[in-house]
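Letter by letter, the chains look like this.
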Amino acid sequence: MNVTNVIFAGLGGQGVLKGTDILGEVLFEKGFDVKKSEVHGMSQRGGSVSSEVRYGEKVFSPMIPHGEADYLIVLDETQVEVNISKLKKDGILISPKDVPTDKLANPKALNIMLLGALSVYLQEIELDAFLNALKMFLPEKLYAMNEEAFLLGRNSVNK
Amino acid sequence: MAKKFLLSGNEAIAMAARDCRVSLGVGYPGTPSSEILDEFSKLGGKAQWAPNEKVSLEVAIGGSFAQGRCMATMKHVGVNVAADPLFTIAYSGTPGGLVLISADDPGMASSQNEQDNRRYAISAGVPLLEPSDSQEAYDFTIKAFELSEKYKTLVILRMTTRVCHSKSIVVTNDNIAPAPAISYTKDVKSNVMIPAYARLAHKRMRQRLADIAAFNESSEFVKEEINSTELGVISSGISYMHVKDAAPEASVLKIGLSYPLPIERIRAFAAKVKRCVVVEEGDPIVAEACLAAGIKVEGKNEMYRFGELNVGRVRRILANDTTPEEAIPSGKPPQLCPGCPHRKSYEVLRDLNLIVTGDIGCYTLGVLPPFEAIDSCVCMGASITTGLGLRHVLPEKDAKRVVSVIGDSTFWHTGINGIVEMVYNRPATGHVVVILDNGTTAMTGLQEHAGTGRHLDNSASDKLVIEDVLKAMKVDNVDIVDTTLENERYKALLQERLASNDISVIIARRPCILGVAKLAKAAKKEVK
């Protein structure tokens, strides 16, 4: 039973949930069993927000067991400390430090840039699957800018 | 043809409601239930926000009197407000399909308590279904209507935060029994609960429960998975999913219809394993029912009554581990948005050193630094009434420092009853209420209400005007201020009203900044 665990974490308004919505859709379209978990409501008023995606052949709990995340994507450096214990020992942390944020046309596309960086590690999923999901979740006029952010993130990772 | 989607539990309920042709959905917003009606409306369903949960359940009951499939949606504490009609409709039974969706919040992600609403099913005497993922949220919604129509009873669909907000795969159902034709038949012995009829109805209700319990003994809602005979786990709802990850080797009895329990199925299962543990979130309801029936099971340690369960905690429960749990870093707490109109309202309340009774909404965040301006928060509508109690009992000097703050949606919910009390049982020192009117139900996601002039689907509605209602109710002084642009006036006015023995309401009116953005977006769509 091989389940892959991904966490997105940041602050309210940064697009954490959009990031996992897009990732969840990509994995769903690829035919994986997918579960995505988060808590809405009070926690979103500018506070810490995190969202989890689990995928594989069969997923039971939607919540990643503590310390068992394979990937931790953090949108705000201050949230690394709060979330790092969720990552497994040899897990991969991706934060704004790892991507060329200075090249972002709009800082709001940081979530997509980081998703691009993550995509390098998820080798079972081809680029087109991500771009199709971006098209599905973003308004037409924002697509080009987000595609650019995604590709900048994707090309910034040397793996 | 059956279709496949990745949906949250709330979206799955909405889709099931559409697919089984629910006539009417009525609710009051409350995390984690709020998205159900919005989604149902987007799918073409008829959905309405009621001023509170009691009203929403009653409107749904009325619809079911006409044989329509109706649902009422609310958060767990909302069921407290709707408890009055719930307990009596449990006696009456319903001619049409009637489902109450109770969204519980174990762990209190966004609530003032973590009450376990499975208790309501037992107490009122109605069946309760517990989905464990979005597929079951979809399937059980449809089955809840089938059960309701078959046994002529309200059915509670009990969701929890994780099931409401987690997304998982849903395959839709093409073979749904058609909804009955809408029709009305007079039946006073069932629908008029005068004592003579209610005595008989109570017996009918107990018989219904006995029938459903017998049905549950062989129902598809019970799933038995026999693996190891060393360990057996009885579970329901989201806990089942954690159990499957925490103890893949265990035998599992999963219960979907959690009240009335299939007690003989449980007894037979427990006899098949050496050790049988009940893993349930919240109160030890199934564990206690098993022990009362003489079934040898272990419940969880008391420390696991608190908060949500997860895979790690279920591992600990199964290992009988009662050592203190590691604290998880809490992160940055929520706060009032930059530019939120409540900020200026609270700065003045804080600086005047008042006793402020608070209420439920974004503005409850006024308790945190840098404001620390709220003294109490009990439940929806309680700010005005608890403020009145303080005014009646405190010595005059302190009584005159008491102010109640309440939001606009909360005012229409049950705050308005507090105004009735204020006018009727006026404290000797009067009272001052500040209505923080930001023109929306902000905390739960910007839902419309009776005072916004828009229905749930954004179409125009008649608009109730707070100041008109207050004036008609004979409140001595009703003033409207913008605490951001007229901060000095607000402060002076508040001091003046506090110094008098009048009963006064100050409406601090300025739209929620997120609400303005939402309306601008909606207007843009319309132009397109």
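Attention now moves to the sheet that holds strand β4 (residues 69–74) of chain A. Ordered by their spatial adjacency, 7 strands build an open sheet running β5(A)-β4(A)-β1(A)-β3(A)-β2(A)-β8(B)-β1(B), and the pairing between neighbours is mixed. The open sheet has two free edges, formed respectively by β5 (87–94) of chain A together with β1 (4–8) of chain B, since each of these has just one partner strand. Within this sheet the neighbouring strands show an average axis-to-axis angle of 25°, counted without direction. Bridge count between strand β2 (residues 33–38) of chain A and strand β8 (residues 167–171) of chain B: 2 bridges; the pairing is antiparallel. What sits directly across from A:K35, in β8(B), is B:S168.

Within this structure, the stated rule accounts for 9 aromatic pairs over all chains. Their ring planes at 50° and their centres at 5.8 Å tell us that A:Y71 and A:Y121 sit as a pair that is tilted. Taken together, the positions of A:Y71 in strand β4 and A:Y121 in the loop between α3 (110–119) and α4 (127–137) put the pair 50 residues apart, joining distant regions of the chain. Pair check on accessibility: A:Y71 and A:Y121 agree, each one buried. Taking the centre distance of 6.4 Å and the plane angle of 75° together, the rings of B:F215 and B:F221 count as edge-to-face. What makes B:F215 partly exposed here is its relative accessible area of 24%. Assessed through its relative accessible area of 3%, B:F221 is described here as buried.

Residues and elements named next belong to chain B. The 4 strands are arranged β9-β11-β10-β13 in an open sheet whose pairing can be described as mixed. Each edge of the sheet is formed by a strand with only one pairing partner; in this case those strands are β9 (222–225) and β13 (275–279). Strand-to-strand twist of the sheet, defined as the mean angle between neighbouring strand axes without regard to direction, takes the value 15°. Docked against the sheet, helix α11 (residues 238–246) engages β9, β10 (228–236), β11 (250–255) and β13, running at close to 155° with respect to β10.

Facing 34 residues of chain A, the contacting portion of chain B comprises 40 residues. Notably, a salt bridge pairs A:R54 with B:D245, separated by 2.8 Å at the nearest N-O pair. Counting across the interface, chain A meets chain B through 9 residue pairs in polar contact (both at pLDDT 80 or more). Residue assignment for the side of chain A that touches chain B shows that the elements contributing at least two residues are α1 (16–29), β2, β3 (48–56) and α2 (78–83) of chain A. For the side of chain A that touches chain B, the per-class residue count stands at 12 nonpolar, 12 polar and 10 charged.

Residues and elements named next belong to chain B. Domain parsing of chain B yields domain 1 (4–216), domain 2 (222–318) and domain 3 (342–527). Taking only C-alpha atoms into account, the centre of domain 1 sits 32 Å from that of domain 3. Taken together, the contact between domain 1 and domain 3 spans 16 residues of the former and 15 residues of the latter. Approximately 1200 Å² of surface area, both sides summed, lies buried where domain 1 meets domain 3, with 59% of it carried by carbon and sulfur atoms. Together, Y28, W49 and Q112 form the three largest contributors to the area buried by domain 1 at its contact with domain 3, with a combined 41%.

Residues and elements named next belong to chain B. At their nearest, the axes of helix α1 (residues 9–19) and helix α7 (residues 134–151) sit 8 Å apart, and the two run at 30° to each other. The angle between α1 and α7 falls in the class roughly parallel. Note that α1 runs across α7; the crossing there is right-handed. Across from G9, A12, I13, M15, A16, A17 and D19 in α1, the residues of α7 making contact are S134, A137, Y138, T141 and I142. Broken down by class, the residue content of the contact of α1 with α7 amounts to 8 nonpolar, 3 polar and 1 charged.

Basis of the calculations
- Residues numbered from 1 in each chain as written.
- Chains lettered and ligands numbered in written order.
- Predicted model: local features only at pLDDT ≥ 70, side-chain atom pairs only at ≥ 80, totals over all residues.
- Heavy atoms only, no water.
- Pairing = 2+ DSSP bridges.
- Helix = DSSP H or I, 4+ residues; strand = E, 2+ residues; numbered from the N terminus.
- Axes fitted to C-alpha atoms, helices over the stretch in contact; angles between N-to-C directions.
- Phe/Tyr/Trp six-rings, centres within 6.5 Å; stacked < 30°, edge-to-face > 60°.
- Buried < 20%, exposed > 50% of the residue type's maximum accessible area, 1.4 Å probe, protein only.
- Contact = heavy atoms within 4.5 Å.
- Salt bridge = Lys/Arg side-chain N within 4 Å of Asp/Glu carboxyl O.
- Polar contact = N/O pair within 3.5 Å; in protein donor to acceptor, adjacent residues only side chain to side chain.
- Nonpolar A, V, L, I, M, F, W, Y, C, P; charged D, E, K, R; others polar.
- Domains from an automatic or database assignment.
- Buried area = accessible area lost by both parts, 1.4 Å probe.
- Parallel < 35°, antiparallel > 145°, perpendicular 65-115°, else oblique.
- Left-handed = near helix turned anticlockwise from the far one by under 90°.

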